[in-house]
Amino acid sequence: MNELIEKMVPRFPVNKKDSLLGMLQEIQKAHGFLTEELIREVAQYLHLPVNKIYGLATFYDQFRFHALGKYHFQICNGTSCHLSESSINIKDLENQLYTKDGGISRDRKFSLESVSCMGSCEQGPVVKINATVFTNVSPDELNRIIRSLKDKTE
Amino acid sequence: MQFDIEINGEQVTAKKGETIKNVLDRIGIKVPTLCNMNGFTPTGSCRLCVVEVDGLQGLVPSCSHQVEEWMKIKTHSPRVLKARKTIVELLLARHPDECLYCNRNKNCELQSLAEELDIRERKHQTKRLSIQIDRACSSIERDPAKCILCGRCIRICDEVIGVAAIDIMGRGSDSRIGTSYNKGLNVSSCVKCGQCIMVCPTAALSERSNIQTVLDALHNPELFPVIQFSPTVPASIAEDFNLKTSKDILNLFRAALKKMGFRQIFDTSMAADLTIMEEAAEFIDRWNKQSVLPMFTSCCPSWVRYAEEEKRKLLPNLSSTRSPQQMMGRVVKNYITSSAGQKPSSVFVVSVMPCTSKKHEAEGDVMKDNNTRYVDAVLTTRELVRLIRLMGIDFSCLEPEPNDTAFSLRSSAGKLFGVSGGHLEGLIRTIHYMMTGQEINPIKINDLRGLKTKKETHIKIGKQVLKVMAVSGLANVKSVLDEIESGRKDVHIVEVMTCPFGCINGGGQRIGSDEKSLKSRMKAIYDVDEEEMIKVAHKNPIITDLYDKFLGHPNSDQNKDLLHQVPITEKTV
């Protein structure tokens, strides 16, 4: 059994389906996304079919199935942010970050995701890059941020 | 408790606890449905069976709503009809208009619903789904664009087969039916049984067609095309062409195959006899050594695949005997056609099976040169019907063709393979003879017959008593397997068939088969057993001849490679 799952065993009883979501959340926290191997391990542990688990996980927006880039952009697409005057054009952003919505750039530096609401409707548009939240973001400001991130050398 | 309710202005008696649809079915009022399946708890998700009930605000789904005493129901009021029509129009919005090129044309529930509800124009336009067709699996093809998300395939896969190879992925308008991580069916937990095809209302699920391959082979002068057919096929063909299931059907069927250009015709039941001989000898060997019991039968490739993927601990319990299809292919290529002066590589063996899984099985079994397969192409019963129509064969003008090749001689025990419990019955007859030297009496084992998914009985052989079990519907097998894994010791032979009631209900049979046709197919098989002179595999002269000339004795070392197989030890999932 995988180490991560082994650590979870005492907290998540084997014969309970309710253990599933909690386990998936912990896996995502540790790995950044749900890996195929770990879903298989969970399936074996809880005696559930792999496809059922994957089906359930795809129901929730919180679960991801691909790795994130070094800088993960979350763009609020909630009603308020979407309607705010200087709203951000996701197509432009896709071009600038070299990735599609929900994808990752080839150099693995950027990933992009549009999300429903981050709870700061009065300060929209809202953009979250990794753990940092930017409010009242104008397109120009976003450009500046992206340029500075691109210039950063490791 | 019984009471009267009013349906469309008429008084109708209803029982407490039954659903509105039960009552409607009884009095002959048809309401359409897409998600409802006989024998499953209703989900009420497609909303097509809605009816109007006086006093209730919304329309109620008749499949899941119970009748109550005060009800006044209208089943075809303008409001109901409009709702149904809208539902189908919305389903059609994303459905490709490909009926002309679709393999379910004229046999599609969505198509006939649109026709019944008089839909004459495309009301809604929306972007079509552009999801690739899943052609990764050699048995089953999945075209998500044609899927209407009724969920029947998911339910049968989960509740009857018990593997849950597909599920709804995503949410809302993005949801679609698929496998985990969008992989092909070949690497999912799918066992290729094809039961999902049988319940799919559209062509979202269908078999991988081999018709073109077979046509090419029939018209290739360098090839020598021969065909073998499984025990249930003639009866199913008779259904499709409205022929009477009689003794003659087999000869008519042969005549049709001859006319299509097959040079020799073999009955797979003959190889089933061979399977019985090997399996019986194998069982007696295990019984004498009292090692690795119970023995599981291994002629159902879906079950074998399930065991290889999920129940690896029980793999030693699986009989190593090859399935009749593969035995036939091997015997044909190794002995029969070589005596007719043909090289194995120029013989093209086609088999017709009521099964999609056999396509997968045939692909895995190749000769040592890695190029020649023992069975070159597998057709389902459905594909053969299409091929017969394509070749313009008219059954009413055919002269019945008598049995020509000596190799289609078979005992009725081999014929019984087509129905759950039948394989076991044939096997026990031969085991009894091999162990005691006498025929079993009575020869009919009634406990193993009938449309049940789990049958068990005790068989007295000399002074010993064998406990045997026939289970069909893979989900029903799980509980038996769990008991055996946790140490149950009193069972000796377990016959497993993936499809409920066996191959008569296989995933390659006619779509839309009901219980009546299952019963008639089963009857056709047992009738053969009733009338046949040779009722046991060990009395089939061809089999005794084969053993005398080539094979030695059953389960001997010399035919280990030819007639037995080693289970795959590497997991693919």
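What follows covers the overall build of chain A. Along chain A, the regular secondary structure elements total seven helices and four strands. Taken from the N to the C terminus, the helices and strands of chain A come in the order α-α-α-α-β-α-α-β-β-β-α. Dimensions of chain A along its principal axes, counting C-alpha atoms only, are 55 × 35 × 25 Å. Within the span of chain A, comprising 154 residues, buried residues form 23% of the whole. Residue pairs in contact within chain A that sit at least 24 positions apart in sequence constitute 61% of those at least 6 positions apart.

This part takes up the overall build of chain B. Helix and strand counts for chain B come out as 19 helices and 17 strands. Burial statistics for chain B: of 573 residues in total, 46% are counted as buried. Contacts spanning at least 24 positions in sequence make up 74% of the contacts within chain B whose residues lie at least 6 apart.

Segmenting chain A into domains produces domain 1 (3-59) and domain 2 (71-151). Between the C-alpha centres of domain 1 of chain A and domain 2 of chain A the distance comes to 30 Å.

With that out of the way, let us pick up the confidence of the model for chain A. For chain A, mean pLDDT is 87; residues scoring 70 or higher make up 98% of the total. Least confident of the elements in chain A is helix H1 (residues 3-8) of chain A, whose mean pLDDT is 85; most confident is helix H4 (residues 50-59) of chain A, at 93.

Cis peptide bonds are those with omega within 30 degrees of zero, and the linkage from Leu293 of chain B to Pro294 of chain B qualifies with -5°. Assignment of secondary structure puts Pro294 of chain B in the loop between helix H9 (268-289) and strand E12 (295-296). A cis amide bond links Asn441 of chain B with the next residue in sequence, Pro442 of chain B, at an omega value of -5°. Positionally, Pro442 of chain B belongs in the loop between helix H15 (422-436) and strand E15 (454-461). One non-glycine residue, Tyr98 of chain A, lies in positive phi territory at about 55°. In this fold, Tyr98 of chain A is placed in the loop between helix H6 (90-97) and strand E2 (110-115).

Reports often express the size of an interface as the amount of accessible area lost when the parts come together. Across the boundary between the two partners, chain A contributes 10 residues, which contact 13 residues of chain B. A total of seven residues in the side of chain A that touches chain B trace back to one element, the largest contributor, which is H4 of chain A. Among the residues making up the side of chain A that touches chain B, the classes are represented as five nonpolar, three polar and two charged.

On to the sheet that holds strand E4 (residues 132-134) of chain A. Residues and elements named next belong to chain A. Ordered by their spatial adjacency, four strands build an open sheet running E2-E1-E3-E4, and the pairing between neighbours is mixed. Either end of the sheet is taken by a strand with one partner, and the two such strands are E2 and E4. The mean angle between the axes of side-by-side strands here comes to 20°, regardless of whether they run parallel or antiparallel. Where strand E1 (residues 71-76) meets strand E3 (residues 127-129), three bridges bridge the pair, whose relative direction is antiparallel. In the sheet register, Ile75 faces E3, and the bridge partner there is Val127.

Counting 146 residues, the largest nonpolar core has Cys153, Cys157 and Val163 of chain B as the members making the most contacts within it. Counting residues per element, this core draws most heavily on H9 of chain B, which supplies eight residues. Counting 13 residues, the second-largest nonpolar core is a separate cluster that includes Phe73, Ile75, Leu97 and Val127 of chain A.

All right, on to the sheet that holds strand E5 (residues 72-74) of chain B then. All names here are of chain B. Here five strands make up an open sheet; going across it, the order is E2-E1-E5-E3-E4 and the pairing mixed. Looking along the sheet, the strands with just one partner apiece sit at the ends: strand E2 (10-15) and strand E4 (60-61). In this sheet, E5 lies alongside strand E1 (residues 2-7) in parallel orientation, the contact comprising two bridges. Across the sheet, residue Ile7 finds its bridge partner in E5, namely Ile73. Against the sheet, helix H2 (residues 78-93) engages strand E3 (50-53) and E5, with an angle of about 155° to E3.

This paragraph deals with the domain arrangement of chain B. Residue and element names in this part refer to chain B. Looking at chain B, the domain boundaries give domain 1 (2-76), domain 2 (92-207) and domain 3 (223-563). Using C-alpha coordinates to define each centre, domain 1 is positioned 28 Å away from domain 2. With seven residues of domain 1 at the contact, the number on the domain 2 side is 11 residues. Grouping the constituent residues of the side of domain 1 that touches domain 2 by class yields six nonpolar, one polar and no charged.

Our focus in this paragraph is the environment of Asp134 of chain B. All names here are of chain B. Structurally, Asp134 is set in the loop between helix H3 (109-116) and strand E6 (140-142). Since 20 C-beta atoms lie within 10 Å of it, Asp134 is described here as buried. Residues Asp134 and Met533 lie 399 residues apart in sequence; the distance between their C-alpha atoms is 47 Å. Those residues within four positions of Asp134 in sequence are excluded, and the remaining contacts are Glu141, Arg142, Gly184 and Leu185.

Now for the environment of Ile543 of chain B. All names here are of chain B. By the secondary structure assignment, Ile543 is in helix H18 (residues 541-551). Placed 329 residues apart in sequence, Ile543 and Val214 show a C-alpha to C-alpha distance of 29 Å. Those residues in contact with Ile543 that lie beyond four places of it in its chain are Asp273, Leu274, Met277 and Ala537.

So, about helix H17 (residues 515-531) of chain B. All names here are of chain B. Along its 17 residues, H17 runs 24 Å from first to last C-alpha, staying within 8% of the 24 Å computed at 1.5 Å per residue. Burial in H17 covers these residues: Arg521, Met522, Ala524, Ile525 and Val528. Along the axis of H17, the buried positions cluster into a sector of 145°, meaning they face one direction only. In H17, the exposed positions angled more than 90 degrees off the buried face are occupied by Glu515, Lys516, Glu530 and Glu531.

This part covers helix H11 (residues 324-339) of chain B. All names here are of chain B. With 16 residues, H11 should reach 22 Å at 1.5 Å per residue; the first-to-last C-alpha distance of 21 Å fits that figure. Looking at H11, one finds that the buried residues are Pro324, Gln325, Gln326, Met327, Met328, Gly329, Arg330, Val331, Val332, Lys333 and Thr337. Structurally, H11 contributes buried residues whose contacts are with strand E10 (224-229), strand E11 (264-267), H9, strand E13 (347-353), helix H12 (357-364) and helix H19 (560-563). Of the residues trailing H11, Gly341 is marked for its positive phi of about 80°.

What counts and how
- Residues numbered from 1 in each chain as written.
- Chains lettered and ligands numbered in written order.
- Predicted model: local features only at pLDDT ≥ 70, side-chain atom pairs only at ≥ 80, totals over all residues.
- Helix = DSSP H or I, 4+ residues; strand = E, 2+ residues; numbered from the N terminus.
- Buried ≥ 20, exposed ≤ 12 C-beta atoms within 10 Å, placed from the backbone.
- Contact = placed C-beta atoms within 7 Å.
- Domains from an automatic or database assignment.
- pLDDT = per-residue confidence, 0-100.
- Nonpolar A, V, L, I, M, F, W, Y, C, P; charged D, E, K, R; others polar.
- Pairing = 2+ DSSP bridges.
- Axes fitted to C-alpha atoms, helices over the stretch in contact; angles between N-to-C directions.
- Core = buried A, V, L, I, M, F, W, Y, C linked by C-beta atoms within 7 Å.
- Expected span 1.5 Å × (residues − 1).
- Arc of directions from axis to C-beta.

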